[in-house]
Amino acid sequence: MEQKTQNHFNNPVVIILVIVLVGLGGYLIFSHNQNQNGSQSAQSPDQNSQQQEIDSLKQQVQNLTNTKSGNDSTKQLTSSDIAKEWRVSTAHVDCEWYYSNGTPIQEVSGSGLLATFNSIPTVVTNKHIVFSSTYGYAGRCSVEFPDDNGTYVYSNNLSWYPNYGSLTVDSNGGDVAYLSEIHWVHHIDITKSESVSDQVAIPPTLSLNYRSKSGSFVCSATENSGDPILVLGYPVYGPQANFLDSRPIEPTVTEGIISGKDGIYYTTSAKIDHGNSGGLAIDENNDCYFGIPTWNESGSFESLGRILPASTFLH
């Protein structure tokens, strides 16, 4: 059997170490010659200090070698760390449709990510949370966050309630919607049918700007099957709240892997249920926003959820 040997001189760390050692050898030879010639400087008290510097340099090279060889002990973020980071940006979205007289028709609950686009905090969610093929766009959506004492509101075309905020959908026809310039009101005021201009202002615990994700928060690398992900959102069975509920909201976290692809969607083993739609799928390896968990009615007997990757709607 032919035995193969590894050429260590192709390793840049080894090359650096050799250069340093050669330099150290030259220095020691020079010091030795100085001693043979009776030089007083070689016998000075600074000799110990010079030796310490040499030892320190050796240790730095050794540390570099350890890092390159995979012995770096830099602490990685845990699943809990990542969930805590994205928690404050995870929105609970509750949208309602009404008849012209103010009687409710239907209500749909989901989740969303708060991110800043063009300096405007915006909730990114699924289009099917805010749009009904039967009744059109929702008349009002309430948006809530963990650790807050009020509700942000989008409302439009209601004769008995002011218009607040704006709603847009993905121009490419994807299942994505954006709620921006939403207006904060106290819980007790959102149910009022009269004008709420005289409401008592109680500032939110955290401002939208503080909660909002900005910068390069979207994953830049392509996901591969087997990559671990976290899903944050408000499934219907979890501790959620709407504007009539006094319970504090708290997103649930499920963990899984990328299982494969289904058209433009990725499939995942992470649990995705009704209410998770529009929430956050986070790449654990890179701590970045991968996309929107989307409940898919087709093939509902399957246990694999669907994720719409952010690369298809955020650039």
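Quick note: structure is the one above.
Here the structure is a predicted model, which is why all the values come from computation and not from measurement.

Definitions and cut-offs
Residues numbered from 1 in each chain as written. Predicted model: local features only at pLDDT ≥ 70, side-chain atom pairs only at ≥ 80, totals over all residues. Heavy atoms only, no water. Helix = DSSP H or I, 4+ residues; strand = E, 2+ residues; numbered from the N terminus. Buried < 20%, exposed > 50% of the residue type's maximum accessible area, 1.4 Å probe, protein only. Contact = heavy atoms within 4.5 Å. Salt bridge = Lys/Arg side-chain N within 4 Å of Asp/Glu carboxyl O. Disulfide = S-S within 2.5 Å. Core = buried A, V, L, I, M, F, W, Y, C linked by side-chain atoms within 4.5 Å.

J.: An account of the environment of glutamate 284 is requested, with residue identities and associated values reported.
T.: Of note, glutamate 284 is situated in the loop between strand E14 (280–283) and strand E15 (288–294). Overall, the relative accessible area of 14% leaves glutamate 284 in the buried class. Along the backbone, glutamate 284 and threonine 78 are 206 residues apart, and their C-alpha atoms lie at a distance of 8.3 Å. Once residues within four sequence positions are removed from consideration, glutamate 284 is found in contact with Ser79, Ile82, Pro228, Ile229, Leu230 and Glu255.

J.: Before we move on, could you go through the pattern of salt bridges and cite the residues and values that matter?
T.: Oppositely charged side chains are able to pair whenever their charged atoms sit close together. Per the counting criterion, the structure on display carries five salt bridges. Between lysine 213 and glutamate 85 there is a salt bridge, and its shortest N-O distance comes to 2.8 Å. Taken together, the positions of lysine 213 in the loop between helix H5 (208–211) and strand E11 (228–233) and glutamate 85 in helix H3 (residues 79–87) put the pair 128 residues apart, joining distant regions of the chain. For lysine 213, a relative accessible area of 15% puts it in the buried group. Owing to a relative accessible area of 30%, glutamate 85 belongs among the partly exposed residues under this scheme. Where glutamate 250 meets arginine 87, a salt bridge forms, and the shortest distance between an N and an O atom there is 2.7 Å. On the criterion of sequence distance, the pair formed by glutamate 250 in the loop between E11 and strand E12 (252–262) and arginine 87 in helix H3 is long-range, its members being 163 residues apart. Under the relative-accessibility criterion, glutamate 250 is labelled partly exposed at 31%. Sharing partners across several salt bridges, the network here consists of Arg87, Asp147 and Glu250.

J.: Please provide a residue-by-residue account of unusual backbone geometry, values included.
T.: At serine 119, a position not held by glycine, the phi torsion is positive, near 70 degrees. Turning to its location among the elements, serine 119 is positioned in the loop between strand E2 (104–117) and strand E3 (120–125). Positive phi, normally seen in glycine, also occurs at asparagine 157, with a value near 60 degrees. By the secondary structure assignment, asparagine 157 is in the loop between strand E7 (150–155) and strand E8 (166–169). Residue asparagine 157 is classed as exposed on the basis of its relative accessible area of 68%.

J.: Explain the state of the cysteines residue by residue, including any values.
T.: Within the structure shown, the criterion is met by two disulfides. Sulfur-sulfur distance for the disulfide between cysteine 95 and cysteine 141 comes to 2.1 Å. With the S-S bond torsion at 110 degrees, the cross-link from cysteine 95 to cysteine 141 turns out right-handed. Placement of the pair is cysteine 95 in strand E1 (residues 90–98) and cysteine 141 in strand E6 (residues 140–144), with a sequence separation of 46 residues.

J.: Any chance you could break down the nonpolar core for me, citing the residues and the numbers?
T.: Membership of the largest hydrophobic core comes to 20 residues, with the highest contact counts inside it found for Cys95, Val123, Val143, Phe145, Leu179 and Ile182. Of all the elements in the fold, those that place two or more residues in this core are E1, helix H4 (127–130), E6, E7 and strand E9 (177–180). The greatest single-element share of this core, amounting to four residues, is contributed by E1. Dropping the residues within four chain positions of it, valine 123 is found in contact with Ala91, Val93, Gly112, Leu113, Leu114, Val143, Phe145, Ala177, Tyr178, Leu179 and Ile182. Residues Ala115, Leu280, Ala310 and Phe313 belong to the second largest nonpolar core, which totals 19 residues.

By themselves, these figures tell us nothing about what the structure is for.
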